[in-house]
Amino acid sequence: MKGADIRVGKVSRRSFATGSALSLASMWLQPKMIASELRQADHQPWRFINPLIGASTNIKLGEGKTFPGPATPFGMVQPGPDTITGGDQGPGYSYEHTTIEGFSFLRMSGVGWYGDFGNLLVMPTTGQMKLDSGRVDHPGEGWRSAFSHSREVAEANYYAVTLDDYGIRAEVTAAPRSGMLRFTFPRTETARIQLDLARRIGGTSTRQYVKVAGERAIEGWMRCPAIGGGWGNGEGQVGYTVHFHLEFSEPLIEYGVWKINVPDGTFPVAKGLVTDYFTSEPYRELVKRAEVLNGCKEMEANHIGFFAEFPQHNPEKPILVKAGISFVSVEGARQNLAREIREWDFEEVRDRGRALWNDALNSIQIEGASDVDQRIFTTALYHVMIDPRDISDLSGEYVAADSTVHKSVGYTPRTIFSGWDVFRGAFPLLTLTNATLINDEINSLIALAETSGKGYLERWEIMNAYSGCMDGDPATSVILDAYTKGIRGFDIEKAYAFCRQTAAGEDGSTNRLHNSFYMKHGYVPDQVSWTLDNYYYDWCVSKLATALGKTEDAKVFGQRSTQFKSIYDPQVDSMRAKAANGDWIPWKGKTEFGQGCTESNPGQQTWFVPHDVHGLIELMGGKEVFARKLEDFFEKTPDSFGWNSYYNHSNEPVHHVPYLFVYAGKPWLTQKWVRRILANAYHDDVNGICGNDDVGQMSAWYVLGALGFYPVCPGDGIYVLSSPLFPKATLNLDKHYYKGAKFTIIARNHSSKNSYIQSARLNGKPLSRAWIRHSEIAAGGQLEYVMSSEPNLSWGTSDQDLPPPSSHSA
């Protein structure tokens, strides 16, 4: 198995911005001069990060489902506030909530389906000790505290809030594999810190262990199998064990363990939502009968917590907590903390994280933006850089899909691959700025297919789980896109074998729904989304086979990819699902959701033929008819672009659609609608993302749209152009993969009204087409536009200026 020995040493601070995945750990472990350099730096993009953008699970507030707490680029740990446990509350925090139940060390960003992690919940309290967080609708029942947004601060690698019930100021910051909390207590008889070891955002850990490990330290683990809920309320089959080593800044004198005697076998998901149990009366009775074991030094049980009390604490001296996390071992957690956070300097940890963000965010530099647009853009880029996260210890050890410990060699193991979302824009963006990470993820997916014994590529991976979430074979697209662009730090023959098995394997050994039926009949019964997805991914396999000289495979998969015409019903002017007997399923109209469409309707799904847009145009009546239908699709869309029956920007299936006008010879309409989406669907506040951020895809769409290009068909090496949002933007390309260090985009006569391209020049030469090759960006150089308030109806419109068929472009 391929892997990577993670070597720690001094590297250039610029190396992370240009894609060195190994440099994050190395930079963190450099001497303290990083923080002092940060304070003196002129260009500090971290200041434009607003972590509250999208930080709500409430659809009225945009439902971005991001989190406001600290993080480092692609780091393992994200400590921060938790306002709720259970339900479809992936980040554990939602802006409209009014109470905080603690600060956990792990979470996911932008996801639905109940989320996971939320482990090692830490809560400072005073007064009488309570033994669980309590129910939201029962004030005073548990330790949770009210809070106000007026006393809340969310910045890059820093979160602070006042817990009103206790008068405690809580502050949080992060390192890649560890985190630190600082609690300033009021004058009180006893300052207390409680650790809920059972808590999990979408469920519960089912077994925990803790022991006192020194004068100021405790350590232990929390076992989190799928029967305890978590991802998809357990349907995602996620299981992991979190190990921790935690230290207090004050000696442990008065401490103990509390134990709630939750019976074995309480949590199987088949009994219903796991988290509903913790609001039930039977559980409340168990809390009332819980045991408090003062002075207990070691405990393993089903539902426990640890507390430390500091009598007559000086309110002018904050109490700090720092913890290292590992998914491998307690020793790994201990080493991660010892090497990342050696002392008790909270500001140093915060500033080191900000230095990492400066380095990462400098991969794209924009000029001439308003402060509002700068915050939206920078925060969007920030959200793209949270996952896929590093899952290995500083030693390079990680737990593989065979449940044994491996040591990485040649790459950094990563987790959280939201394939159905991120193949569209987020990963193509990273191919430019951080190609090393793309190699990491592809190697991680290959290792997963190999060590799990499944032999095929998962579409939505988390903690080695084949969660089966969403449709299709997105890993195949990611692999082709990387290979086409010369990103090849993985075993391509092994990767291809897994791509082929994913697409062609028999039912039960593949990612696909009803694959044997599809292979025989050319469509998935009762499905539009699965069928169209299969056509695109078959095209991906065909292109990869062609590149590798596998001509027979290229022919077979290539022919399959052309069958989209078979599910287009001209009587309803739409893609339409067929039953197994070949009949059309009952028709409810283009705008009715369902009808074989995943999180979409037939009117939205019809546009998904990215590998043969020209064929789709012909099928729908030619360029003029196609463009007219497409414009009608947008004209009926509400101004917010939020969840609706037409251009539904809140969800991924339509993300490429604004760029299809270019294929019909009307690029000015792409320029018009992309600008409107950028202006109306993204904002500098909690409702700043009009749907789940989906592990950075919604944010990546904004970044690419603001730069002025987007990949309609990942894998064909083509970006379709729209008008850039800023007067100047510079991409600092990953130097490990591209000879050209920079690609600059300049917009002359730029303004909010001048959204139309009048003319363009690439490296000083006239450019008449509204698309650009990846190789032209990768070579470095300059793309220069002249902008106007009126469209140029002749630029990019001739047949020779249209994007080439994808079969010819890679």
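Residues numbered from 1 in each chain as written. Predicted model: local features only at pLDDT ≥ 70, side-chain atom pairs only at ≥ 80, totals over all residues. Heavy atoms only, no water.

1. Details of helix α17 (residues 623–635)
Cut-off, in case you're wondering: A run of H or I in DSSP becomes a helix once it reaches four residues, and a run of E becomes a strand once it reaches two; helices and strands are each numbered from the N terminus. Helix span is expected to be 1.5 Å times the residue number reduced by one. Throughout this description, buried means an accessible area under 20% of the type-specific maximum (1.4 Å probe, protein chains only), exposed means over 50%, and partly exposed covers the range between. Along the arc lie the directions from the helix axis toward the C-beta atoms. We call two residues in contact whenever any of their non-hydrogen atoms come within 4.5 Å of each other.
For α17, with 13 residues, the first-to-last C-alpha span of 18 Å sits near the 18 Å given by 1.5 Å per residue. The complete set of buried residues in α17 reads Phe 626, Ala 627, Leu 630, Phe 633 and Phe 634. Buried residues along α17 cover an arc of 115 degrees about the axis, so they all sit on one side. Among the exposed residues of α17, those oriented more than 90 degrees off its buried face are Glu 624 and Arg 628. On its buried face, α17 sits against α15 (602–605), α16 (613–619) and α18 (667–680).

2. Considerations on the environment of Val 399
Secondary-structure assignment places Val 399 in strand β23 (residues 397–399). In this structure Val 399 comes out as partly exposed when scored by relative accessible area, which is 28%. C-alpha separation for the pair Val 399 and Pro 413, spaced 14 residues apart in sequence, amounts to 9.5 Å.

3. Examining the sheet that holds strand β37 (residues 771–773)
For clarity, the cut-off: Here the rule is simple: two strands pair whenever DSSP picks up at least two bridges between them.
Ordered in space as β31-β32-β37, the three strands form an open sheet in which the pairing is antiparallel. Of all strands in the sheet, those with a lone pairing partner are β31 (709–710) and β37, marking the two edges. Bridging between β31 and strand β32 (residues 718–721) involves two bridges; their strand directions are antiparallel. Its bridge partner lying in β32, Phe 709 is registered against Leu 721.

4. Here's the deal with the pairing of strand β9 (residues 178–184)
Counting buried positions along β9 gives six out of seven residues, so the element sits mostly inside the fold. The pairing of strand β8 (residues 168–174) with β9 spans six bridges and is antiparallel. When the bridges of β9 are listed, Thr 173 appears paired with Met 180. In sequence, β8 turns back onto β9 through a hairpin of three residues.

5. Details of the pattern of salt bridges
Filter applied, for reference: Any Lys or Arg side-chain nitrogen found within 4 Å of a carboxyl oxygen on Asp or Glu counts as a salt bridge.
A full pass over the atoms with the stated rule returns 46 salt bridges. For Arg 177, the salt bridge is made with Asp 390, and the minimal N-O distance between the two is 2.5 Å. In this pair, Arg 177 sits in the loop between β8 and β9 while Asp 390 sits in strand β22 (residues 389–390), placing the two residues 213 residues apart along the sequence. Accessibility expressed as a relative area gives 2% for Arg 177, which makes it buried. Put simply, Asp 351 and Arg 350 hold a salt bridge, and the shortest N to O gap is 3.3 Å. Per residue, the accessibility class of Asp 351 equals that of Arg 350, and both read buried. Among the ionic contacts, a cluster of salt bridges with common partners joins Asp 82, Glu 101, Arg 107, Arg 144 and Arg 199.

6. Details of α18
For α18, which comprises 14 residues, the first-to-last C-alpha distance of 20 Å matches the rise-based estimate of 20 Å (1.5 Å per residue) to within 8%. Counting buried positions over the 14 residues of α18 gives eleven, a clear majority of the element. The set of residues buried in α18 consists of Pro 667, Trp 668, Leu 669, Thr 670, Gln 671, Lys 672, Trp 673, Val 674, Arg 675, Ile 677 and Leu 678. Considering only its buried residues, α18 is in contact with α17, α19 (697–707), β32, β35 (756–762) and β38 (781–788).

7. Details of the packing of aromatic side chains
Stated precisely, the cut-off is as follows: Stacked, tilted and edge-to-face pairs are distinguished by plane angle, under 30 degrees for stacked and over 60 for edge-to-face with tilted covering the rest, among Phe, Tyr and Trp rings (Trp via its six-membered ring) whose centres lie within 6.5 Å. A ring is scored as having a charge over it whenever the NZ atom of a lysine or the CZ atom of an arginine sits within 6 Å of its centre and within 35 degrees of its normal.
The tally for this structure, following the rule as stated, stands at 41 aromatic pairs. Here the aromatic rings of Tyr 209 and Trp 221 are separated by 5.8 Å at their centres, their planes lie at 25 degrees, and the arrangement is stacked. A residue pair is termed long-range when its members are at least 10 positions apart, and Tyr 209 in strand β13 (residues 207–212) and Trp 221 in strand β14 (residues 217–224) qualify at twelve residues. By way of ring pairs, the aromatic residues Trp 607, Phe 626, Phe 633, Phe 634, Phe 641, Tyr 646, Tyr 647, Phe 661 and Trp 673 are connected into one cluster. Positioned over the ring face of Tyr 466 is Lys 454, at 5.1 Å from the centre of the ring. Taking NZ or CZ as reference, Arg 560 lies 4.9 Å from the ring centre of Phe 557, over its face.

8. A short note on the environment of His 303
Rule in force here: Any pair of N or O atoms that falls within 3.5 Å is considered a polar contact. Within protein, one atom must be able to donate a hydrogen and the other to accept it, and sequence-neighbouring residues count only if both atoms are side-chain atoms.
Within the secondary structure, His 303 is located in the loop between β18 (298–301) and β19 (304–311). Put simply, His 303 and Thr 206 are 97 residues apart on the chain and 7.1 Å apart in space, counted from C-alpha to C-alpha. With residues near it in sequence (within four places) discarded, His 303 still touches Ala 198, Thr 204, Gln 208, Trp 258, Lys 259, Ile 260, Val 262, Phe 278 and Tyr 283. Within the structure, His 303 has its side chain in polar contact with the side chain of Tyr 283 (distance 3.2 Å).

9. Overview of the pairing of strand β21 (residues 364–367)
Only one face of β21 is buried, namely the one carrying Ile 364 and Ile 366, since none of Gln 365 and Glu 367 on the opposite face is buried. Direction of pairing for β21 relative to strand β33 (residues 728–732): antiparallel, over a ladder of four bridges. If you follow Gln 365 over to β33, its bridge partner there is Thr 730.

10. Some remarks on the confidence of the model for the protein
Put simply, the test is: Residue-level confidence of the predictor, termed pLDDT, takes values from 0 up to 100.
On average, the protein scores 93 in pLDDT, and the residues at 70 or more come to 94%. In the model, residues 1–22 has pLDDT below 50 throughout and makes 85 contacts with residues more than four positions away in sequence or in other chains.

11. Focus: the sheet that holds strand β28 (residues 465–466)
If you walk across this open sheet you meet the three strands as β26-β27-β28, and the pairing is antiparallel. The open sheet has two edge strands with one neighbour each: β26 (417–418) and β28. With two bridges connecting them, β26 and strand β27 (residues 460–462) associate as antiparallel partners. Residue pairing for β27: Ser 418 is matched across the bridge by Trp 460.

12. Regarding the side chain of Arg 769
Note that Arg 769 resides in the loop between β36 (765–766) and β37. Its relative accessible area of 14% is what places Arg 769 among the buried residues. Of note is the side chain of Arg 769, whose polar atom sits 2.8 Å from the backbone oxygen of Trp 771. Of note is the side chain of Arg 769, whose polar atom sits 2.7 Å from the side chain of Glu 776.

13. Section: the packing of helix α8 (residues 426–433) against helix α9 (residues 435–451)
Operational definition: Lines fitted to C-alpha atoms define the axes, with helix axes restricted to the stretch in contact, and inter-axis angles between N-to-C directions lie between 0 and 180 degrees. Note on terminology: angles under 35 degrees are roughly parallel, angles over 145 are roughly antiparallel, angles of 65 to 115 are roughly perpendicular, and the others are oblique. Residue polarity follows a fixed list, in which Ala, Val, Leu, Ile, Met, Phe, Trp, Tyr, Cys and Pro are nonpolar, Asp, Glu, Lys and Arg are charged, and the others, Gly among them, are polar.
Here α8 crosses α9 at 125 degrees, and the two axes come no closer than 6 Å. Our classification of the angle between α8 and α9 gives oblique. On the side of α8, the interface is formed by Phe 427, Leu 430, Thr 431 and Thr 433, while α9 contributes Ala 435, Leu 437, Ile 438 and Glu 441. A per-class count over the contact of α8 with α9 returns five nonpolar, two polar and one charged.

14. Digging into unusual backbone geometry
In this structure, Pro 388 follows Asp 387 across a cis peptide bond, with omega equal to 5 degrees. Residue position: Pro 388 is located in the loop between α6 (371–384) and β22. With a phi close to 55 degrees, Asn 157 is a non-glycine residue in the positive phi region. Among the secondary structure elements, Asn 157 is positioned in the loop between β6 (152–155) and β7 (158–163). At Glu 599, a residue that is not glycine, the phi angle is positive and equals roughly 50 degrees. Along the chain, Glu 599 turns up in the loop between β30 (574–575) and α15.

15. Brief notes about the environment of Val 405
Looking at where Val 405 falls in the secondary structure, it is placed in strand β24 (residues 405–407). Val 405 sits in the partly exposed class, given a relative accessible area of 46%. Expressed as a C-alpha distance, the spacing of Val 405 and Ser 329, which sit 76 residues apart in the sequence, is 9.5 Å. Residue contacts for Val 405: discarding those within four places in its chain leaves Val 328, Glu 397, Tyr 398 and Val 399.

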